[in-house]
Amino acid sequence: MRPIPRLLAGELRRAARAFPALILTGPRRAGKTTLLRMLFPRADYRPLEDPDVTARVRADPRLFVEELRPPVILDEIQNAPELLNYVRTQIDARPARRGQWLLTGSQEAPLMRGVSESMAGRAAIFHLLPFSLQETPKVSPLRGGFPEVLARPSAAQVWFRSYVQTYLERDVRSVAAIRDLAAFRRFLALLATRCGQVLNRSDLAAPLGVSVPTLSDWLAILEITSQILLVPPFFESFGKRLIKSPKVYFADTGLACHLLGIETEATLNRSPFLGALFENFVATEVVKHQLNAGRARALYYFRDQQGLEVDFVVPLGEDRLALLEAKASLTLRPEDARPLHRLSAATSRYATQAVVVHRKGRLPPATSALSEGVTATTPEGLPAILGGGGRGYAED
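Note that the coordinates shown come from a computational prediction; the quantities given were computed from them, not determined experimentally.

Chemist: Can you walk me through the environment of Asp304 in this structure?
Modeler: By secondary structure assignment, the location of Asp304 is in the loop between β8 (300–303) and β9 (309–317). Classification of Asp304 by relative accessible area gives buried; the value is 3%. Each C-alpha atom, one on Asp304 and one on Pro233, is 9.5 Å from the other, the two residues being 71 residues apart in sequence. At 2.9 Å, the side chain of Asp304 forms a polar contact with the backbone nitrogen of Gln306. A polar side-chain atom of Asp304 sits 2.9 Å from the main-chain amide nitrogen of Leu308.

Below, the structure written as structure tokens:
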């Protein structure tokens, strides 16, 4: 199958001309290594999960680095964080050489701590999620965007089952000493039933028979390994008393569907989780658009204690906001726009673009105007609303 181009590729190429090092984080199997090897085919490649390679690193990390001939890809650098100091030494010895050290990592928080300590000012940092709908129409709420699932959809359930198993055995145990992996697996399935809900740790901990601190640790593991997105409330109150807890979403809706036992489009359409999963899908498409443009993630929700709720608030810059409501229904009604009207009226210092995002039907809708000041679109139309990218990569 012909490789599908990644939207992040242009940002990576530009950064490689400006920085000595690139760091690409993201969940396992999102395509990080494939992307770097396609963009930099002449770079040497060192997989730091290979036991022979890691044994050499442990024996003499300085010698390992000094024997490398950049440009080089160091894959899954979190398995050998001691290399970062030696990489920094090599960069400082030849500061004018750009794009020489290409690092990937699947555990964002520990990796970022090492980068902050060792690579400040030397590396451009990017985050890659699975494919977006903008990159390929094969992406869907049911299948998600993992490359291997899209390449072999008939084997999706086997792939997801294997993914969960290897994720538990490899990443979870490397981040924290979890003794009861069966309980953690139940936690994953339970969390999938809470997609799009305000996070209530006590409500999750009780049926699992674990403490709230343990539950919080488990959530942190999922966030560190880029399996979930915690979306905070918008930071301005507009004179209202706000809910302060984040909402929880999975980074890939295909994985969430697997955990919920949803295997077909027909089952998804009948599922009580359809609305939540579609909302989750919209959230991931917004975040992917931002990250693929080299920008920081900026996604919020709004809910006050009087019951006003808008699914997503997306800053667009220059005092502009996109207000998004996700509706899984194919039939939209003017009342679907009411929360957007109410919040738009309260955000006097912002120019707002209010949009209801709905599922795509077989026939296009008769009009994109839902009511005065509110338009409707499908997820395919989100990039036009959110705007283009542009060299907004993070520097550390």
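Chemist: What am I meant to see in the nonpolar core here?
Modeler: Here is a general trend for soluble globular proteins: nonpolar side chains tend to be buried in one another's company. In terms of nonpolar packing, the biggest core is built from 68 residues, with Phe184, Phe187, Leu191 and Leu324 touching the most fellow members. Apart from the residues within four sequence positions on either side, Leu324 is in contact with Val286, Val310, Asp311, Phe312, Val314, Leu340, Val355, Val357 and Leu382.

Chemist: Sorry, what's going on with the packing of helix α1 (residues 9–16) against helix α2 (residues 32–39) here?
Modeler: The relative placement of two packed helices is expressed as an angle between their axes plus a distance between the axes. Contact geometry for α1 and α2: axes closest at 11 Å, N-to-C directions at 60 degrees. Between α1 and α2, the angle falls in the class oblique. Along this stretch, α1 crosses α2, giving a crossing that reads as right-handed. Counted together, Ala9, Leu12 and Arg13 of α1 and Leu35, Leu36 and Leu39 of α2 form the full contact between these two elements.

Chemist: How do you make sense of the pairing of β9 when you look at a structure like this?
Modeler: Side-chain positions along a regular strand alternate between the two faces of the sheet. As paired elements, β8 and β9 share three bridges and run antiparallel to each other. Within β9, the residue paired with Tyr300 across the bridge is Val313. Here β8 folds back onto β9, and the loop between the two strands holds five residues, one of which, Gly307, carries a positive phi near 100 degrees. Inspection of the sheet shows β9 paired to strand β10 (residues 320–327) by five bridges, in the antiparallel sense. Bridging across to β10, Val313 finds its partner in Leu323. Linkage of β9 to β10, two consecutive antiparallel strands, is achieved through a turn of two residues, within which Glu318 is found at a positive phi near 55 degrees.

Chemist: Would you mind going over α1 with me for this structure?
Modeler: Residue pairs three or four apart in sequence face the same way in an α-helix, which turns once every 3.6 residues. All of the buried residues in α1 are Ala9, Glu11, Leu12, Ala15 and Ala16. The buried residues of α1 all sit within an arc of 165 degrees when viewed along its axis, so they share a single face. Tucked into the core, α1 has its buried residues touching β1 (21–25), α2, β5 (123–127) and α14 (274–292).

Chemist: Please clarify how the packing of aromatic side chains should be interpreted in this entry.
Modeler: To describe a pair of aromatic rings, one takes the distance between the centres and the angle between the planes. The full count for this structure, using the stated rule, is eleven aromatic pairs. Considering the side-chain rings of Trp159 and Phe160, the 5.3 Å spacing of their centres and the 80 degrees angle between planes classify their relative orientation as edge-to-face. The class for Trp159 is buried, based on a relative accessible area of 15%. Ring geometry for Phe187 and Trp218: centres 5.4 Å apart, planes at 50 degrees, overall tilted. Of the two residues, Phe187 sits in helix α9 (residues 181–192) while Trp218 sits in helix α11 (residues 212–224), which places them 31 residues apart along the sequence. Looking at Phe187, the relative accessible area reads 0%, which means it is buried. Accessibility expressed as a relative area gives 7% for Trp218, which makes it buried. An aromatic cluster of at least three residues, connected via ring pairs, comprises Phe146, Trp159, Phe160 and Tyr163. When the ring centre of Phe131 is taken as origin, the NZ or CZ atom of Arg6, which lies over that ring, is 4.1 Å away. Its end group placed over the ring of Tyr45, Arg37 keeps NZ or CZ at 4.1 Å from the ring centre.

Thresholds applied
- Residues numbered from 1 in each chain as written.
- Predicted model: local features only at pLDDT ≥ 70, side-chain atom pairs only at ≥ 80, totals over all residues.
- Heavy atoms only, no water.
- Helix = DSSP H or I, 4+ residues; strand = E, 2+ residues; numbered from the N terminus.
- Buried < 20%, exposed > 50% of the residue type's maximum accessible area, 1.4 Å probe, protein only.
- Polar contact = N/O pair within 3.5 Å; in protein donor to acceptor, adjacent residues only side chain to side chain.
- Core = buried A, V, L, I, M, F, W, Y, C linked by side-chain atoms within 4.5 Å.
- Contact = heavy atoms within 4.5 Å.
- Axes fitted to C-alpha atoms, helices over the stretch in contact; angles between N-to-C directions.
- Parallel < 35°, antiparallel > 145°, perpendicular 65-115°, else oblique.
- Left-handed = near helix turned anticlockwise from the far one by under 90°.
- Pairing = 2+ DSSP bridges.
- Arc of directions from axis to C-beta.
- Phe/Tyr/Trp six-rings, centres within 6.5 Å; stacked < 30°, edge-to-face > 60°.
- Lys NZ or Arg CZ within 6 Å of the ring centre and 35° of its normal.

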